[in-house]
Amino acid sequence: MDPVRSSVKHTPPELKVATKRTKKALTKDHLMAIGFLTPSLILIAVFVYGFIGWTGYVSLSNWNSLVPDFSFAGLQNYIYLFKDFRFQADLRNTLFFTILFILTVIVIGIVLAILLDQKIRQESLFRNIFFFPMALSFVVTGVVWQWLLNPSTGVNLFLSKIGLDSKWYTDTTIIPGVSWGKIEFGIPVAIIAIVIAAVWQMTGFSVAMYLAGLRGIPEEVREAARIDGASEFQVYWKVILPLLRPITISVVIIMAHISLKIFDLIYAMTGSGANYVTDVPGVYMYETTFRGNYYANGAAIAIIMLLSVAIFIVPYLISSRKGES
Amino acid sequence: MVIRTITRPLLYLLLIAFSLFYLMPVYVMLVTSLKPLDQITLAQMWQLPTAIDFSSYSVAFTKLAPNLMNSFYLVIPATIISALLGALNGYVLSKWQFKGSNTLFTAILFGMFIPYQSILIPLIQFLREIGLYNSIAGLVFVHVVYGLPITTLMFRNFYASIPVSMIESAKIDGAGFMRIFTHIMMPLSITGFVVVGIWQFTNIWNEFLFAVTITTSDQQPVMVALQNLSGSQIVQWNVQMAGALLAALPTLLVYILLGKFFVKGLLAGSVKG
């Protein structure tokens, strides 16, 4: 996987003499290195951390019109959101979108990776077919799937023949639809259409990850299991899958953060939908801030989005740092 | 290892079935975009066009051409600058580590996972202040800054596999920070630049949130213009599909020609690489 490694092989042997890193005080070169890194550090400090702080500050203000108003509002904007029908719907939609999306991406990812790992003919052709949607924009995906899953055109032209007509993203049904807060809680059927489009675009990532993982497992491991009398299915279920766990963790985290901040796919494909059945915080934040000028409300949504992503990402980053020597 | 219990034909059948699912949108895009509007009826959606008609492409192209150019003006400088900065950062963070540099690296990485909504309000205020709001230059700046984490990560992982001994012996020969970078690291980085370049090109080309909030009308990149096509009163599906195809073509071409490197970038983006 490391493209560099192959070129390093040609290093003349005399260069390979192991020299211990000299533990001296910072040399002129070291200072230069830090000097070259500093502009980027400042940019990140200001534009990532500083701006997050600024957004947090806006979210605690009364700035809900065109004119900036930084007077302190406490948690008022957050309280408003959690009582808001639309935001409650967003939380429900995001929850079920995330679960369905990640599960499907993982299952299809593992299945396709295992299929591709069977020394099949035309492997690279199949791989390219599964991977190419990742090179596309979510906007393109949204536009195309809006057409494909349009209830009166699209795949329904076939599905209706076998009696499987679906209203896709125009369906306002919530299953099971338990009343909770101001909303009906459950899986919004319309979300499934968006999950299909998102899965179409993103499974390539998990296929690539699992395929790299499978190729990294030595044949001896499987041989050993087989000698112990494991069936082919057991080899995969009991030996291979557990070995792929670190990959599953990575896939879950990467997909979770994509799904929690999703905006463009839904904006291009369906928008918020009737009764907000396909609305998500990303779309709400955009519309309330830049169409409605409710800056403080928008900032509060953004901070909630950030916190939901940080719950996954921060432990992941810390543990992957620790994993390095 | 080969599953023996599943027969080979079944295996191919499954792969072909999945392939059809992945190719279906492309098929519909192509046939729809090649039909004249009067043939875009519900019943005919899946049929091949009776005669090939490129008029929807010329309509879509006339509408999208200025925005396609905007996208190129955006993507090319943003990709080059962010790749160069990433290479420099990656070099420092892999070969000139200092106390706390790993912590700083983790702090930089966090920037690639944040929802950009959480920095958007101050960012727009800032761009207005410095006069870069609603300009391609402003978007270039934004993509360079928020591209730093991923390009730094990719180059750092890439450079980590260049042995320290090479650097050490160059130091013994009297080479300094800059000379080692230009004479040893850069010549070994061609693959790195291709991977990072493709990654940034694709991502910036496809990006939508910054584009739609920072630019208006004639400054907008192609993805915003494509989204606006569907905003018009009557949805002309053939023009819409032709537009989608045109907008997707540059990244699609990059993928077809250099897909191997694209997948490398994809895997490198999952932090440990």
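Criteria and thresholds
- Numbering of residues starts from 1 in every chain and runs along the sequence as written.
- Written order determines the labels here, with chains lettered from A and ligands numbered from 1.
- In keeping with the model being predicted, local features are shown solely for residues with a pLDDT of at least 70 and side-chain atom pairs are shown and tallied solely at 80 or more, while totals for entire chains, interfaces and linings include all residues.
- As a convention, hydrogens and water are excluded, and side-chain values are obtained from all of the structure's heavy atoms.
- A run of DSSP states H or I qualifies as a helix once it reaches four residues; a run of E qualifies as a strand once it reaches two. Both are numbered from the N-terminal end.
- Buried means the residue's accessible area, taken with a 1.4 Å probe over protein chains only, is under 20% of the maximum for its type, while exposed means over 50%, and partly exposed covers the values in between.
- The contact rule is simple, with two residues in contact once any of their heavy atoms fall within 4.5 Å.
- Surface accessibility follows the Shrake-Rupley procedure with a 1.4 Å probe radius. Residue values consider only the protein chains on display as shielding.
- Confidence of the predictor at the level of single residues is given by pLDDT, which spans 0 to 100.
- A pair of strands counts as paired when DSSP detects no fewer than two bridges linking them.
- Accessible area that two parts lose when put together, evaluated with a 1.4 Å probe and summed over both, is termed the buried area.
- Definition used for salt bridges: Asp or Glu carboxyl oxygen within 4 Å of a side-chain nitrogen of Lys or Arg.
- The residue classification treats Ala, Val, Leu, Ile, Met, Phe, Trp, Tyr, Cys and Pro as nonpolar and Asp, Glu, Lys and Arg as charged. All others, Gly included, are polar.
- Throughout, an axis means a line fitted to C-alpha atoms (over the contacting stretch in the case of helices), and angles, computed between N-to-C directions, take values from 0 to 180 degrees.
- Orientation labels follow simple angle bins: below 35 degrees gives roughly parallel, above 145 gives roughly antiparallel, 65 to 115 gives roughly perpendicular, and whatever is left gives oblique.
- Each helix crossing is assigned a hand: it is left-handed if the near helix lies turned anticlockwise from the far helix by less than a right angle, otherwise right-handed if that turn is clockwise.
- The definitions used throughout rest on a 1 Å grid laid over the protein atoms alone, on which a cavity is an enclosed set of points accommodating a 1.4 Å probe that cannot get out and a pocket is an open set flanked by protein within 12 Å on both sides along at least five of seven lines; lining residues are those having an atom within 4 Å of a point.
- Grid points are joined across faces, edges and corners, and a volume is the space filled by probe spheres set on the points.
- Nonpolar cores are built from buried Ala, Val, Leu, Ile, Met, Phe, Trp, Tyr and Cys residues. Side-chain atoms within 4.5 Å join them into one set.
- The span you would expect from a helix comes to 1.5 Å times its residue count less one.
- Counted charges follow a simple rule, with Lys and Arg positive, Asp and Glu negative, and His plus the chain ends left uncounted.
- Two joining distances apply to patches: 9 Å for like charges and 5 Å for nonpolar side chains (Val, Leu, Ile, Met, Phe, Trp, Tyr), and every residue must have over 30% relative accessible area and no salt bridge.

**Regarding the overall build of chain B**
Here comes step 1: Counting secondary structure elements, chain B contains eleven helices and zero strands.
Here comes step 2: In chain B, the succession of α and β elements from N to C terminus is α-α-α-α-α-α-α-α-α-α-α.
Here comes step 3: A principal-axis box enclosing the C-alpha atoms of chain B has dimensions of 75 × 65 × 30 Å.
Here comes step 4: Residues classed as buried in chain B amount to 61% of the 273 residues present.
Here comes step 5: Of all intrachain contacts in chain B linking residues separated by at least 6 positions in sequence, the fraction that spans at least 24 positions is 74%.
Here comes step 6: Counting only carbon and sulfur atoms, one obtains 70% of the accessible surface of chain B, whose full area is about 10600 Å².

**Quick word on the confidence of the model for chain A**
Here comes step 1: With 91% of its residues at a pLDDT of at least 70, chain A reaches an overall mean of 88.
Here comes step 2: With pLDDT under 50 throughout, residues 1-23 of chain A is counted as low confidence; its partners more than four residues away or in other chains account for 30 contacts.

**Some details on the pairing of strand 1 (residues 174-180) of chain A**
All names here are of chain A.
Here comes step 1: Two strands pair when backbone bridges link them, and strand 1 and strand 2 (residues 183-188) are joined in this way by six bridges, in the antiparallel orientation. Note on strand 2: the bridge partner recorded for V178 is F185.
Here comes step 2: Between strand 1 and strand 2, which pair antiparallel one after the other, the connecting turn spans two residues, and G181 there sits at a positive phi close to 60 degrees.

**Things to note about the interface of chain A and chain B**
Here comes step 1: Each partner contributes to the interface: chain A provides 111 residues, whereas chain B provides 107 residues.
Here comes step 2: Each partner contributes to the roughly 10200 Å² buried at the junction of chain A and chain B, and carbon and sulfur atoms together form 76% of this total.
Here comes step 3: Per-residue buried area on chain A facing chain B is highest for A:F47, A:W147 and A:R321; these three make up 7% of the total on that side.
Here comes step 4: The tally of links between chain A and chain B comes to zero salt bridges.
Here comes step 5: The element contributing the most residues to the side of chain A that touches chain B is helix 2 (residues 28-59) of chain A, with 18 residues.
Here comes step 6: Classifying every residue of the side of chain A that touches chain B gives 74 nonpolar, 21 polar and 16 charged.

**Remarks on the packing of helix 8 (residues 190-206) of chain B against helix 11 (residues 237-268) of chain B**
Residue and element names in this part refer to chain B.
Here comes step 1: Where helix 8 meets helix 11, the closest approach of the two axes is 9 Å, and the angle between their N-to-C directions is 140 degrees. It follows from the interaxial angle that helix 8 and helix 11 lie oblique. For the pair helix 8 and helix 11, the crossing hand works out as left-handed. Of helix 11, the residues touching helix 8 (which contributes T191, V194, V195, I198, W199, F201, T202, W205 and N206) are A247, P250, T251, V254, L258, F261, F262, K264, G265 and L266.
Here comes step 2: Residues of the contact of helix 8 with helix 11, tallied by class, amount to 13 nonpolar, five polar and one charged.

**Looking at empty space enclosed by the protein**
Here comes step 1: Applying the stated criterion across every chain, the model contains one cavity of 30 Å³ or more.
Here comes step 2: Where the lining of the largest cavity is concerned, the elements lending two or more residues are helix 8 (189-215) and helix 11 (245-260) of chain A together with helix 5 (136-160), helix 8, helix 9 (209-214) and helix 11 of chain B.
Here comes step 3: With six residues, the single largest contributor to the lining of the largest cavity is helix 8 of chain B.
Here comes step 4: Here the lining of the largest cavity is built from residues that sort into 24 nonpolar, twelve polar and three charged.

**Comments concerning unusual backbone geometry**
All names here are of chain A.
Here comes step 1: For the bond from I175 to P176, the omega torsion is -5 degrees, close enough to zero to count as cis.
Here comes step 2: For P176, the position within the fold is in strand 1.
Here comes step 3: Phi angles above zero are rare outside glycine, and W168 is one such case at about 45 degrees.
Here comes step 4: Within the secondary structure, W168 is located in the loop between helix 7 (156-159) and strand 1.
Here comes step 5: The phi dihedral of N275 is positive, around 60 degrees, even though this residue is not glycine.
Here comes step 6: By secondary structure assignment, the location of N275 is in the loop between helix 12 (264-269) and helix 13 (281-291).
Here comes step 7: For N275, a relative accessible area of 54% puts it in the exposed group.

**Thoughts on the nonpolar core**
Here comes step 1: Grouped together as the largest cluster of nonpolar side chains are 187 residues, with contacts concentrated most on A:F130, A:M255, B:L123, B:Y146 and B:F210.
Here comes step 2: Counting residues per element, this core draws most heavily on helix 11 of chain B, at 18 residues.
Here comes step 3: Setting aside chain neighbours within four positions, we find B:Y146 in contact with A:F47, A:V48, A:F51, B:Y116, B:I119, B:L123 and B:F210.
Here comes step 4: Within the second largest apolar cluster, 16 residues are counted, among which are A:V58, A:W63, A:A299 and A:I301.

**Describing helix 8 of chain B**
All names here are of chain B.
Here comes step 1: When the terminal C-alpha atoms of helix 8 are compared, their 24 Å separation across 17 residues agrees well with the 24 Å that a helix rising 1.5 Å per residue should span.
Here comes step 2: Taken together, the buried positions of helix 8 are G192, V195, V196, G197, I198, W199, Q200, F201, T202, I204, W205 and N206.
Here comes step 3: Buried residues belonging to helix 8 abut helix 2 (55-95), helix 5, helix 10 (222-229) and helix 11.

**Considering the side chain of A:R92**
All names here are of chain A.
Here comes step 1: With respect to the helices and strands, R92 occurs in helix 4 (residues 85-116).
Here comes step 2: We note that R92 is buried and unpaired, the nearest opposite charge coming from E184 at a distance of 6.5 Å.
Here comes step 3: Discounting residues that sit within four places of it in the chain, R92 has contacts with I174, I183, E184, F185, G186, P188, Y276 and V277.

**Considerations on the pattern of salt bridges**
Residues and elements named next belong to chain A.
Here comes step 1: Applying the stated rule across the entire model yields ten salt bridges over all chains.
Here comes step 2: Across the pair R226 and E223 runs a salt bridge whose closest N-O atoms are separated by 2.7 Å. Of this pair, R226 and E223 both sit in helix 9 (residues 219-227), separated by three residues, roughly a single helical turn.
Here comes step 3: Among the residues examined, E223 registers a relative accessible area of 33% and is labelled partly exposed.
Here comes step 4: Look at the salt bridges and you will find they share partners, linking D117, E123, R127, R215 and R222 into a network.

**Here's the deal with the environment of A:V46**
Here comes step 1: Here A:V46 shows up in helix 2.
Here comes step 2: Along the chain, A:V46 and A:G273 lie 227 residues apart, while their C-alpha atoms are 36 Å from each other.

**Examining a nonpolar patch on the surface**
Here comes step 1: Together, B:M69, B:F72, B:Y73, B:I76, B:I80, B:I81 and B:L84 give the surface a local cluster of nonpolar side chains, amounting to about 650 Å² of exposed area.
Here comes step 2: By the element assignment, B:I76 lies in helix 2.

**A short note on the environment of B:K260**
Residue and element names in this part refer to chain B.
Here comes step 1: In this structure, K260 sits in helix 11.
Here comes step 2: Taking relative accessible area as the criterion, K260 reaches 60% and is therefore assigned exposed.
Here comes step 3: K260 sits 226 residues away from L34 along the chain, and the two C-alpha atoms are 31 Å apart.

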